[in-house]
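# Per-entry structural report
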Amino acid sequence: MLTIAILFSLLALKIAAQTVVSVSESASHAIPTTLWGIFFEDINGIEGGLYAELLQNRAFQIVTPGTSDALRGWHPLTDSSNIEVVASSQPVSNALPNSLSLTVEKDGDGFANEGFWGIKVNSAWTYKASLYYKVVEGSTSATGSGVLSLGLSPTTNLTSPFVSKKFPIQSSSTKWTKISTTLKPSSSADNTANYFTVSISGLANATIEFALLSLFPPTFKGRENGLRIDLAEALVGLTPTFYRFPGGTDLGGAIESRWQWNTTVGPLLGRPGRQGFWGYVETGGFGLYEYLTTGEDFDMVPIMGIWDGYTPSSEISAADMGPYIAQAIDQINFVTGDPALSQPAALRAKLGHPKPFALNSIEIGNEDFLGTALLTAQERWKAVATNLTSEFPDFDFMATTVPWDPVLDPVPKFYDVHVYESADWFANNSFYYDSFERNGTLYFEGEYAAISTNNSDIWGHRLPYPTLQSAIGEAAFMTGLERNSDIVFAASYAPMLQHVNSSGWSPDLISFDAERVYLSTSYYTQKLFSNYRGDKYISSTLPNPYGNLTWTVNTRSNGARQEIIFKIINYDRANQTIRFELPKALQIRSPHATGEILTGPVFDASNSPETPDVVGLKHVELEVGKKGLEYAAPGLSFTVLTAELV
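Everything numeric here is computed off the predicted structure, so don't read it as measured data.

About the criteria used
Residues numbered from 1 in each chain as written. Predicted model: local features only at pLDDT ≥ 70, side-chain atom pairs only at ≥ 80, totals over all residues. Heavy atoms only, no water. Helix = DSSP H or I, 4+ residues; strand = E, 2+ residues; numbered from the N terminus. Buried < 20%, exposed > 50% of the residue type's maximum accessible area, 1.4 Å probe, protein only. Polar contact = N/O pair within 3.5 Å; in protein donor to acceptor, adjacent residues only side chain to side chain. Contact = heavy atoms within 4.5 Å. 1 Å grid on protein atoms, 1.4 Å probe; cavity = no way out; pocket = protein on both sides within 12 Å on 5 of 7 lines; lining within 4 Å. Points joined across faces, edges and corners; volume = space filled by probe spheres on them. Phe/Tyr/Trp six-rings, centres within 6.5 Å; stacked < 30°, edge-to-face > 60°. pLDDT = per-residue confidence, 0-100. Core = buried A, V, L, I, M, F, W, Y, C linked by side-chain atoms within 4.5 Å. Axes fitted to C-alpha atoms, helices over the stretch in contact; angles between N-to-C directions. Parallel < 35°, antiparallel > 145°, perpendicular 65-115°, else oblique. Left-handed = near helix turned anticlockwise from the far one by under 90°. Nonpolar A, V, L, I, M, F, W, Y, C, P; charged D, E, K, R; others polar.

## A few points about the side chain of Ser 540
For Ser 540, the position within the fold is in strand β25 (residues 536-540). Since its relative accessible area comes to 13%, Ser 540 is described here as buried. For Ser 540, the side chain forms a polar contact with the side chain of Trp 551, separated by 3.4 Å. Here Ser 540 is in contact with Val 21, Ser 22, Val 23, Ser 24, Trp 551 and Val 553, once residues within four sequence places are set aside.

Right under this line is the structure:
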């Protein structure tokens, strides 16, 4: 009798632990096509990463000539090689006043670039190399020609290059001359400890200046001045439908070094670069035009940021915003203007894109709720929004203050909301938007990430990489974004990229080094939501706001096939069973539901250079009935299941 009683008790506990979800017959609302996208900010990984340029400090921008820091990334090739960065008396361009000076004592003297913590040498690739040089007049008594050699070599054996090419160089070449070539390595390197090298022979005692040296691997879709292929493909794998740029705090930085569209377009010789907010120099190589063509290549719609006069260190009063508003108008016209009516648009056409780029959403400023920004946010918003709305009445303009605090005039129709919190916070806040008033205002969850698992000190205990726990917490929060997609029209994780050798922020969605890419646990959460996005949100029994099991139900049309999508997030460390009961209008045709699951060996598992693939997606298949399905969700897991409807 005792045994039977125990069995009945266990059965009762099992039944009590099961969550039953009743699914409604009809859709609650359509899901915006823009719900899931990506956010570009040059914080950890555009320079030296997504932007495929392999040479660090390629044009000696924003450095002090004569200092060791000015030689960042560059090394003498031999003991007799004398190199320094100088302010050229006749620079290669007004935008690039500095050059690298080499005084040749012996044949073979030269210099090398280490890349961004290494250079990947792949024999299957054809690299594009270029540089400008000139012989300083009167620096050598040699006449005739010498030889300039450039190539790729292992750092441990410079005399055995993977590839090398030679070019004649005249002692009389006192004007800037460009060399452009391709390099096809004869073999691949075992590692990334490799140099790009330049050496000179036959011009004893000559002083030669070099400017704008460049080395590109093959790029995504073969674009000139384009993107690193593996990183671009990782982003495409997220199937993003929008992108926000140029991004975040780096949009401002400081007034004098803020991001300015007009310094990032046109020939590279005309791009001066800037000191970025996050501690390194941005070349301007990945500029406004490159952002826009990337959007077309990825099939994304843009949300473009314009500066609104605030930086963390200083700000412009509303009364003095006139020139900056005019610059913003030019920026928008470069993107969408008529070349016959606008000089910025005519420049776009000259660069090869006469047709306007798609653009409808403009974000004014960034995080106008921080520091002293709130003191002048109302005045600056009014000055900028009023002028831009008058100039572009059909565009949507987005505010970046806390929604409705302070009250802004003109009243924003769109707000950008940012949340950096703990994994537990995200897991417990899937109802964040449920209480927002439905008054026509739409919201962009423009930056969010679980940055810590320490609830009492998230900023002092940051995660170096997303963990399984943080990714599952984010997934729970994202069910709320999907449920509230009648007012949340877009969302993007931040930051997106992290070079593992130089990181100003962690954790990040995608990490990388010179050799490979590391997809984080959070990457897979984003991928599941985006790749399995529905057309319509279907109401169902709501999750317990204080529980660890959350879900959403969507439907979508896949050609003639109608599908139902279940997203199930279990933030508990124990398995939980959930049963979905479907109405007659949503009967399942197929005997199986299929999908993918994100889970891992332990709650703090993360994908890093040391453990790059410890967490990933696995295929899952489940037998179902016409009227629903039952699923035992593993502890700390995110599962997506799809099935064909009758």
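There's plenty left to go through after this.
## So, empty space enclosed by the protein
Evaluation of the coordinates by the stated rule reveals 9 cavities of 30 Å³ or more. Its volume calculated, the largest cavity comes out at about 100 Å³. Lining the largest cavity, in full, are Asp 42, Ile 46, Glu 47, Pro 246, Asp 250, Trp 259, Thr 264, Arg 274, Glu 282, Gly 284, Phe 286 and Tyr 291. Reported here for the second largest cavity is a volume of approximately 90 Å³. As for the second largest cavity, its lining consists of Leu 251, Arg 258, Trp 259, Gln 260, Trp 261, Ile 306, Trp 307, Tyr 324, Gln 327, Ala 328 and Gln 331. For the lining of the second largest cavity, the element with the highest residue contribution is helix α5 (residues 322-336), accounting for 4 residues.

## Description of the packing of aromatic side chains
This structure, assessed with the given rule, holds 44 aromatic pairs. Judged by centre distance (5.1 Å) and plane angle (15°), the rings of Tyr 243 and Phe 245 are stacked. Exposure class is identical for Tyr 243 and Phe 245. Each is buried. For the ring pair Phe 566 and Phe 580, a centre distance of 4.7 Å and an interplane angle of 45° mean the geometry is tilted. One end of the pair, Phe 566, is in strand β27 (residues 561-570); the other, Phe 580, is in strand β28 (residues 576-581), and 14 residues separate them in sequence.

## Notes on the confidence of the model for the protein chain
Here the protein chain averages 94 in pLDDT, while 97% of its residues score no lower than 70. Confidence drops under pLDDT 50 across residues 1-16; counting only partners more than four residues distant or on other chains, this segment forms 0 contacts.

## Side note on the nonpolar core
Ranked by internal contacts, the top residues of the largest apolar core, which has 109 residues, are Phe 40, Leu 288 and Leu 388. Tallying contributions element by element places helix α9 (residues 468-483) first for this core, with 8 residues.

## Side note on the packing of α5 against helix α6 (residues 343-350)
For the pair α5 and α6, the least separation of the axes is 7 Å and the interaxial angle reads 40°. Taken together, α5 and α6 sit at an angle that is classed as oblique. By crossing handedness, the relation of α5 to α6 is classed as right-handed. Of the residues in α6, those touching α5 at Asp 330, Asn 333, Phe 334, Val 335 and Thr 336 are Pro 344, Ala 345, Leu 347 and Arg 348. A breakdown of the residues in the contact of α5 with α6 according to their chemical character gives 5 nonpolar, 2 polar and 2 charged.

## Concerning the layout of surface pockets
Estimated volume of the largest pocket: approximately 800 Å³. As for the largest pocket, its lining consists of 34 residues, and the residues nearest its centre are Phe 216, Glu 224, Asn 225, Gly 226 and Leu 268. For the lining of the largest pocket, the secondary structure elements donating two or more residues are β7 (127-135), β10 (177-183), β12 (207-216) and α4 (288-298). With 5 residues, α4 is the single largest residue contributor to the lining of the largest pocket. Here the lining of the largest pocket is built from residues that sort into 15 nonpolar, 12 polar and 7 charged.

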